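What follows is each chain in one-letter form.
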Amino acid sequence: MDSSAAEATPKGSGLPLAFHGTIIHSLDVDELEIIEDGLLVVGGDGKIEALRENVSKDQVNSIVSEVGYTPDVFPVKYLKRGEFLCPGFIDTHNHAPQWAQRGVGRGLVIMDWLNKVTFPHEAKFEDPEYAKRTYASCVSGFLKQGITTASYYGSKHCEATKILAEICLEKGQRAYVGKCNMNRNAPDWYRDLTAEESIQETRDFIAHVRAIDPEKSLVTPILTPRFAISCTHDVLAGLGEIAKENPDLPIQTHFNEAEQEMEITRELFPEFKNEADLYEHFNLLNERSILAHCIYVDEYEMGRLKALNCGVSHCPISNTTAGVYMVAPIREYLRRGIKVGLGTDSGGGYSASIIDAMRQAFIVSNARQVLTKGKDPSLSLKECFFLATLGGAQVCCLDDKIGNFKVGKEFDALEIHTEDTEHPSIITPIEDEDSNEIIWEKFLMSGDDRNIAKVYVRGKSVKV
């Protein structure tokens, strides 16, 4: 069956489908697999049922039959030269309420940026109608950029964050969504008024998300203390108690992001020498923890992150453009086997694109190599691609479900077209002699969202 049959498949129908052509994914941090003439079969449940390589077109029907489907009526999309499949991108750190403030407040140190730009903007989400309008734009925008999974911080408002979770479910994006806990060091008009209120609203939010997606098929609640500066001991203790009661819940916060932030944290929590001990004390540091930034991490804290199997969200754009101007030691984390993924951190970052985050991760790793006099070699493009896909899945503890195209995983994928006459982009021209690896490299370094022709989550087309 030709490509028109696959195109005719209704959006979100859950029908089985297959792709024949070039398939690119990561098997490990330094192992990129490029499958030539691959055949990938997705079942009606959105899971990958078969992945074969070196399959000629005349072999497709026999393999489809072997997998258990009827040839000739089974939808197969034949990818042309310059087109390929890759896993969906995973954004491990994103502030959904900052969608409309991206790029604002450059050059301000973190507390000034929060008080002058971010808190006034996030306060607008007290209005449910504003939340619906902005979050619909946000989720659609990230899906357009190929972000099939996002770990979202909501605002401090429980109702607005419920709306965010509902929109993710409606639009088909896989998401962690968290009501942001913050009951101090913020204006009275934008903070939880008491620790009790903060914890009760968190419990309410968790119950709501579990009710709208009881099978956790797409949306999962995540515990979200903004950072220690904005939380009293009682709030951190309450969140830690929820974490004990719900060992499946992921956790996210900012960690050793800026010198000013670390200094204020030590003043507020003098009983702890560092943030690792602080969060571990409150039962908020474990394998489900997603720690944003992790720029200033000493030997002891690296040891704790590794021992507890925590995940690091590397946000190279915000790290170098939002008043921090520092480069996280990603090579050292990878060397130690610490989980690392990428985050857009918008609006601390200015871009909603994981492609941009990959490029910036590559660029700033070159600076890190110079700063360390070669001790930390720069990241390769293969490693940056891993961080955006399988690495992010590991950080989110979802690598058993997504991140690459191993049989049995759910089909979260991007269909990339590098030669699209209908929606031309600024991508480097594809030439006759270019290998599939060169085409992949040209997309990563010069392509944009116009090259993302289709976005799939659990086997369903979700890009509008």
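Residues numbered from 1 in each chain as written. Predicted model: local features only at pLDDT ≥ 70, side-chain atom pairs only at ≥ 80, totals over all residues. Heavy atoms only, no water.

As named in an unreviewed UniProt entry, the protein chain is Guanine deaminase, taken from Byssochlamys spectabilis. Per UniProt, the protein chain carries the Catalytic activity (unreviewed entry) text "guanine + H2O + H(+) = xanthine + NH4(+)". (UniProt positions renumbered as here; feature names shortened; annotations may be inferred.)

Asks: So what's going on with the overall build of the protein chain? Residues and values would help.
Replies: Along the protein chain, the regular secondary structure elements total 16 helices and 18 strands. For the protein chain, whose C-alpha radius of gyration is 22 Å, the value lies close to the compact-globule estimate of 23 Å for 464 residues. Its C-alpha atoms give the protein chain principal-axis dimensions of roughly 70 × 55 × 40 Å. Long-range pairs, those at least 24 residues apart, make up 73% of the contacts in the protein chain with a sequence separation of at least 6. Averaging the positions of the 49 positive and the 70 negative side-chain charges in the protein chain gives two centres separated by 2 Å. (Helix = DSSP H or I, 4+ residues; strand = E, 2+ residues; numbered from the N terminus. Rg over C-alpha atoms; globule rule 2.2 N^0.38 Å. Contact = heavy atoms within 4.5 Å. Lys, Arg positive; Asp, Glu negative; His and termini not counted. Charge placed at Lys NZ, Arg CZ, Asp CG, Glu CD.)

Asks: Run through the packing of aromatic side chains, naming residues and quoting values.
Replies: In the structure shown here, the tally under the stated rule is 14 aromatic pairs. Consider the rings of Phe255 and Tyr279, whose centres lie 6.2 Å apart with planes at 40°: the pair is tilted. One end of the pair, Phe255, is in strand 12 (residues 251-255); the other, Tyr279, is in helix 9 (residues 275-281), and 24 residues separate them in sequence. An aromatic cluster of at least three residues, connected via ring pairs, comprises Phe19, Phe405, Phe411 and Tyr456. Note that Arg102 overlies the ring of Trp99, its terminal NZ or CZ placed 3.8 Å from the centroid. (Phe/Tyr/Trp six-rings, centres within 6.5 Å; stacked < 30°, edge-to-face > 60°. Lys NZ or Arg CZ within 6 Å of the ring centre and 35° of its normal.)

Asks: Which residues make up the sheet that holds strand 7 (residues 147-153), and what are the values?
Replies: Within the open sheet, the four strands sit side by side as 6-7-8-10. Their pairing is parallel. Bordering the open sheet on either side are strand 6 (89-95) and strand 10 (219-221), each of which pairs with just one other strand. Each strand axis lies, on average, 15° off the axis of its neighbour in the sheet, ignoring direction. Pairing of strand 6 with strand 7 involves five bridges; the strand directions are parallel. Each bridged residue has a counterpart across the sheet, and for His95 the counterpart in strand 7 is Tyr153. Sheet strands in contact with helix 6 (residues 195-212) are strand 8 (174-178) and strand 10, and its direction is about 160° off that of strand 10. (Pairing = 2+ DSSP bridges. Axes fitted to C-alpha atoms, helices over the stretch in contact; angles between N-to-C directions.)

Asks: Explain a negative patch on the surface to me, using residue names and the numbers behind them.
Replies: Together, Glu419, Glu431, Asp432 and Glu433 make up a negatively charged patch on the protein surface. Taking the relative accessible area as the measure of exposure, Asp432 reaches 74% and is therefore exposed. (Patch = residues over 30% accessible without salt bridge, like charges linked within 9 Å, V, L, I, M, F, W, Y side chains within 5 Å. Areas by Shrake-Rupley, 256 points an atom, 1.4 Å probe, with all protein chains shown as cover. Salt bridge = Lys/Arg side-chain N within 4 Å of Asp/Glu carboxyl O. Buried < 20%, exposed > 50% of the residue type's maximum accessible area, 1.4 Å probe, protein only.)

Asks: Describe in detail the sheet that holds strand 13 (residues 289-293), supporting the description with residues and values.
Replies: The four strands lie next to each other as 12-13-14-15, forming an open sheet whose pairing is parallel. Here the strands that pair on one side only, and so sit at the sheet edges, are strand 12 and strand 15 (339-342). For this sheet, the mean inter-axis angle between neighbouring strands, taken without regard to orientation, is 30°. Pairing of strand 13 with strand 14 (residues 311-314), which is carried by three bridges, proceeds in the parallel orientation.

Asks: Give a detailed account of the side chain of His95, specifying residues and quantitative values.
Replies: Relative to the helices and strands, His95 resides in strand 6. The buried category is assigned to His95, whose relative accessible area is 4%.

Asks: Before we move on, could you go through the domain arrangement of the protein chain and cite the residues and values that matter?
Replies: Once the domains are mapped, the protein chain shows domain 1 (17-87 + 404-461) and domain 2 (89-396). Measuring from the centre of the C-alpha atoms in domain 1 to the corresponding centre in domain 2 gives 31 Å. Tallying the contact residues gives 29 residues for domain 1 and 23 residues for domain 2. In this assembly, domain 1 packs against domain 2 so that about 2,300 Å² is buried in total across both faces, 68% of it on carbon and sulfur atoms. Per-residue buried area on domain 1 facing domain 2 is highest for Val29, Leu444 and Met445; these three make up 25% of the total on that side. In this structure, the salt-bridge partner of Arg174 is Asp412, at a minimum N-O distance of 2.9 Å. For the pair domain 1 and domain 2, the interface holds five residue pairs in polar contact (both at pLDDT 80 or more). Listing elements by their share of the side of domain 1 that touches domain 2, those giving two or more residues are strand 1 (17-28), strand 5 (83-87), helix 16 (436-446) and strand 17 (452-457). Its residues assigned to classes, the side of domain 1 that touches domain 2 comprises 15 nonpolar, five polar and nine charged. (Domains from an automatic or database assignment. Buried area = accessible area lost by both parts, 1.4 Å probe. Polar contact = N/O pair within 3.5 Å; in protein donor to acceptor, adjacent residues only side chain to side chain. Nonpolar A, V, L, I, M, F, W, Y, C, P; charged D, E, K, R; others polar.)

Asks: Summarise the nonpolar core; cite the residues concerned and give the values.
Replies: Within the largest apolar cluster, 111 residues are counted, with the highest numbers of intra-cluster contacts made by Phe89, Tyr152 and Met358. Mapping this core onto the domain boundaries places at least three of its residues in each of domain 1 (17-87 + 404-461) and domain 2 (89-396). Grouped together as the second largest cluster of nonpolar side chains are 13 residues, Ile35, Leu40, Val42 and Phe405 included. (Core = buried A, V, L, I, M, F, W, Y, C linked by side-chain atoms within 4.5 Å.)

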